[in-house]
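Architecture and fold: a report
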Protein chains: 2
Amino acid sequence: MPTSPVTWPPAPDWRAWRHVTKLDPERPLTPAALEAVYASGTDAIVLGGSTGMTQQAVLDLLSRLADAPVPVALEVSTLESAVPGPALFLIPLVMNASDSRWLGGAQAEALARLLPVVGEYIPWELLLPEAYLVLNPDCTAARLTGARTDLAPEDAAGWAALAGQVLRLPLIYVEYSGAFGDMALLQAVRENAGPAHVVYGGGIRSGREAGLAARHAHTIVVGNLVYEAPERLRETVEAAHGN
Amino acid sequence: MPTSPVTWPPAPDWRAWRHVTKLDPERPLTPAALEAVYASGTDAIVLGGSTGMTQQAVLDLLSRLADAPVPVALEVSTLESAVPGPALFLIPLVMNASDSRWLGGAQAEALARLLPVVGEYIPWELLLPEAYLVLNPDCTAARLTGARTDLAPEDAAGWAALAGQVLRLPLIYVEYSGAFGDMALLQAVRENAGPAHVVYGGGIRSGREAGLAARHAHTIVVGNLVYEAPERLRETVEAAHGN
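Description of the structure in this document. Since this is a predicted model, take the numbers as computed values, not measurements.

Reading guide: rules and limits
- Residues numbered from 1 in each chain as written.
- Chains lettered and ligands numbered in written order.
- Predicted model: local features only at pLDDT ≥ 70, side-chain atom pairs only at ≥ 80, totals over all residues.
- Heavy atoms only, no water.
- Pairing = 2+ DSSP bridges.
- Helix = DSSP H or I, 4+ residues; strand = E, 2+ residues; numbered from the N terminus.
- Axes fitted to C-alpha atoms, helices over the stretch in contact; angles between N-to-C directions.
- Contact = heavy atoms within 4.5 Å.
- Buried area = accessible area lost by both parts, 1.4 Å probe.
- Salt bridge = Lys/Arg side-chain N within 4 Å of Asp/Glu carboxyl O.
- Polar contact = N/O pair within 3.5 Å; in protein donor to acceptor, adjacent residues only side chain to side chain.
- Nonpolar A, V, L, I, M, F, W, Y, C, P; charged D, E, K, R; others polar.
- Parallel < 35°, antiparallel > 145°, perpendicular 65-115°, else oblique.
- Left-handed = near helix turned anticlockwise from the far one by under 90°.
- Buried < 20%, exposed > 50% of the residue type's maximum accessible area, 1.4 Å probe, protein only.
- Least-squares fit on C-alpha atoms with pLDDT ≥ 70 in both.
- Phe/Tyr/Trp six-rings, centres within 6.5 Å; stacked < 30°, edge-to-face > 60°.
- Right-handed = clockwise from strand over helix to strand, strands pointing away.
- Patch = residues over 30% accessible without salt bridge, like charges linked within 9 Å, V, L, I, M, F, W, Y side chains within 5 Å.
- Areas by Shrake-Rupley, 256 points an atom, 1.4 Å probe, with all protein chains shown as cover.

**A closer look at the sheet that holds strand S1 (residues 19-23) of chain B**
Residue and element names in this part refer to chain B.
- If you trace the eight strands once around the closed barrel, you get S1-S2-S3-S4-S5-S6-S7-S8, paired in parallel fashion. Shown here is a sheet whose adjacent strand axes are inclined to one another by a mean of 30°, direction ignored.
- Where S1 and strand S8 (residues 219-222) come together, three bridges link them in parallel fashion. Bridge assignment links His19 to a residue of S8, and that residue is Ile220.

What follows is the structure, encoded as structure tokens:
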């Protein structure tokens, strides 16, 4: 395997992130809301979305984030959105998808297309796989992937053990997309994930939910709040950092 | 997470294995054939099969292997066959399965059943996941999993990069089950697998095939030959060790 002709910066210390703000390239972001993100004390910004991840939308948002005071990561859900610039590239796989395409097929196909063309420029050290459990049956990601969302905490524990202790994947993402989730399930994931880092996202709209989720998750993700009530972001950060 | 009340022996150094002999608990094994395995110089014995992995069959074969001169590993394809004793437990996932059950669903379900009952006795350090590419369309494993077997070397390279460089799984298994495979595909897997260990199995019936496969794979697996012409095992070992 040839050595890359490019020297990449080291990956940011994502394991230290307690609070992450997720921005959706498809949604209009006011300057005031962006200012609130910067002032909130959040540890990192992640660009991601289940739809609308066009190259132009991603580039536009990345350029607005050029002066962000924290690392900017990109969740790569489409090949065309994989543009250079972010400090970290998150590669989502949906463990509980019924459609096997979301369990590696799409990613392998994308890599098969990239390798002969830009293989030596792929910054492998900056790619971080995310083992998702998509748990809100009404969300776009669940519909797209045919996710089996009716999991009891015991079922989720099996997935966590498989991902964290058998496959030894670095990160498990419990995703409730807009709805606040089952904290007993989140706890079961954390207790069975072994050394894997556990991320929680979904329905965090105040310090209360942030505190509850941060009790079990290493990292909590806040997304909708940026668009709905950016002035409340700071209290979610404080709750995450207080735990 | 509670500490296990059991101290497990350290895992064998499977990365040093160049030649592995695979025994199928479902197939009758003559004493002479077993003697040929022991005398062949093979580096390890793996018990595995796509069907017939009953607890009784596995236990029977394990007891016959009690005096094996090399480590004995068990490929766990059914929950009931996961018995104590082996030096290493191989956990197969079929990356190119179309049925997502074989991409973790079955394994997560088995773990969900085991965790509340014997969770603290699961020897996590002895579990080694195998990222399979099942490539012989006529084999049982391909039929069971709905494997997409019509992969060009470029397609397989994408899977190898995903498994080895993105997911950072420890082992990729290129499986042609009984037929000698496409060495260009095997080479593409090896060149794109990053730090992952590459295993090849299928159609090795002489030193010639063994040598060809061992040129690209870290480990070659010989199975059918034990049952068809055990006296030829030794030449496959010599070819593997010669590379």
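**Thoughts on the interface of chain B and chain A**
- In this complex, chain B contributes 34 residues to the contact, which on the side of chain A involves 34 residues.
- Together chain B and chain A conceal approximately 2,800 Å² of surface at their shared face, both sides included; 70% is due to carbon and sulfur atoms.
- If you look at where chain B meets chain A, you find zero salt bridges.
- Along the contact surface separating chain B from chain A lie ten residue pairs in polar contact (both at pLDDT 80 or more).
- It is helix H5 (residues 153-166) of chain B that provides the largest number of residues to the side of chain B that touches chain A, a total of nine residues.
- In terms of residue class, the side of chain B that touches chain A is built from 19 nonpolar, nine polar and six charged.

**Details of the packing of helix H7 (residues 207-216) of chain B against helix H9 (residues 233-242) of chain B**
All names here are of chain B.
- Packing of H7 against H9 brings their axes to within 8 Å, and their N-to-C directions diverge by 25°. As the angle between them shows, H7 and H9 are arranged roughly parallel. Crossing of H7 over H9 shows right-handed handedness. Of the residues in H9, those touching H7 at Gly207, Ala210, Gly211 and Ala214 are Glu235, Thr236, Ala239 and Ala240.
- A per-class count over the contact of H7 with H9 returns four nonpolar, three polar and one charged.

**Section: the pattern of salt bridges**
All names here are of chain A.
- Under the defined criterion, the tally for this structure stands at twelve salt bridges over all chains.
- The salt bridge involving Glu228 is made with Arg205; its shortest N-O contact spans 3.0 Å. You can see Glu228 sitting in helix H8 (residues 224-228) and its partner Arg205 sitting in the loop between strand S7 (197-201) and helix H7 (207-214), a full 23 residues away along the chain.
- Taken together, the shared-partner salt bridges connect Lys22, Glu75 and Glu175 into one network.

**So, unusual backbone geometry**
- One non-glycine residue with positive phi stands out, namely Ser177(A), at about 35°.
- For Ser177(A), a relative accessible area of 25% translates into the label partly exposed.

**Quick notes on the relation of the copies chain B and chain A**
- The transformation that overlays chain B on chain A combines an axial shift of 0.0 Å with a rotation of 180°, and the residual RMSD is 0.0 Å. Taken together, the rotation angle and the small translation identify this as a two-fold axis. In terms of C-alpha distance to the rotation axis, chain B has Ser100(B) as its closest residue, with the C-alpha 2.4 Å off the axis.
- Take the interface residues of chain B: 100% of them recur as interface residues in chain A, which is what a same-surface contact looks like.

**Re the packing of aromatic side chains**
Residue and element names in this part refer to chain A.
- The tally for this structure, following the rule as stated, stands at six aromatic pairs over all chains.
- Centre to centre, the rings of Tyr132 and Tyr173 are 4.2 Å apart; their planes meet at 15°, and the pair counts as stacked. Of the two residues, Tyr132 is situated in strand S5 (residues 127-134) and Tyr173 in strand S6 (residues 171-175); the sequence distance between them amounts to 41 residues. In this structure, Tyr132 and Tyr173 share a single accessibility class: buried.
- Through a chain of ring-to-ring contacts, the aromatic side chains of Tyr176, Phe180 and Tyr200 assemble into a single cluster.

**Here we look at the pairing of S1(B)**
Residues and elements named next belong to chain B.
- Taken across its five residues, S1 has five buried, putting it largely inside the fold.
- Side-chain alternation along S1 places His19, Thr21 and Leu23 on one buried face and Val20 and Lys22 on a second face that is also buried.
- Sheet analysis places S1 next to strand S2 (residues 44-47), joined by four bridges and oriented parallel. The partner of Thr21 across the bridge, within S2, is Ile45.
- Each parallel crossover has a hand, and the one from S1 via helix H1 (residues 31-39) to S2 is right-handed.

**Here we look at the side chain of His19(B)**
All names here are of chain B.
- Along the chain, the position of His19 falls in strand S1.
- At 2.8 Å, the side chain of His19 forms a polar contact with the side chain of Thr236.
- With residues up to four places along the chain from it excluded, the contact list for His19 reads Thr42, Asp43, Ala44, Thr219, Ile220, Val222, Leu233, Thr236, Val237, Ala240 and His241.

**Description of the sheet that holds strand S2 (residues 44-47) of chain A**
All names here are of chain A.
- Read around the barrel, eight strands follow the order S1-S2-S3-S4-S5-S6-S7-S8 and close on themselves; strand pairing throughout is parallel. Each neighbouring strand pair of the sheet contributes to a mean axis angle of 30°, computed without reference to strand direction.
- Examined bridge by bridge, strand S3 (residues 72-75) and strand S4 (residues 88-94) share three bridges and lie parallel to one another. Within S4, the position partnered with Leu74 by the bridge is Phe89.
- Across the sheet, helix H9 (residues 233-242) touches strand S1 (19-23) and strand S8 (219-222), and the angle it forms with S1 is around 145°.

**Focus on helix H1 (residues 31-39) of chain A**
All names here are of chain A.
- Those residues of H1 not exposed but buried are Ala33, Leu34, Ala36, Val37 and Tyr38.
- Elements in contact with the buried residues of H1: S1, S2, helix H2 (55-64), H8 and H9.
- Downstream of H1 by a residue or two, Gly41 has a phi angle that is positive, lying close to 90°.

**Focus: a nonpolar patch on the surface**
- Residues Trp8(A), Val117(A), Val118(A) and Tyr121(A) make up a contiguous nonpolar surface patch of about 380 Å² in total accessible area.
- Within the secondary structure layout, Val117(A) lies in helix H3 (residues 105-118).

**A short note on H7(A)**
Residues and elements named next belong to chain A.
- By the criterion of burial, H7 is predominantly enclosed, with six of the eight residues buried.
- Taken together, the buried positions of H7 are Gly207, Glu209, Ala210, Gly211, Ala213 and Ala214.
- You can read the cap of H7 off the contacts: a side-chain oxygen lies 3.1 Å from the backbone nitrogen of Arg208, and it is on Ser206.

Spatial relationships are all this shows, so hold off on functional conclusions.
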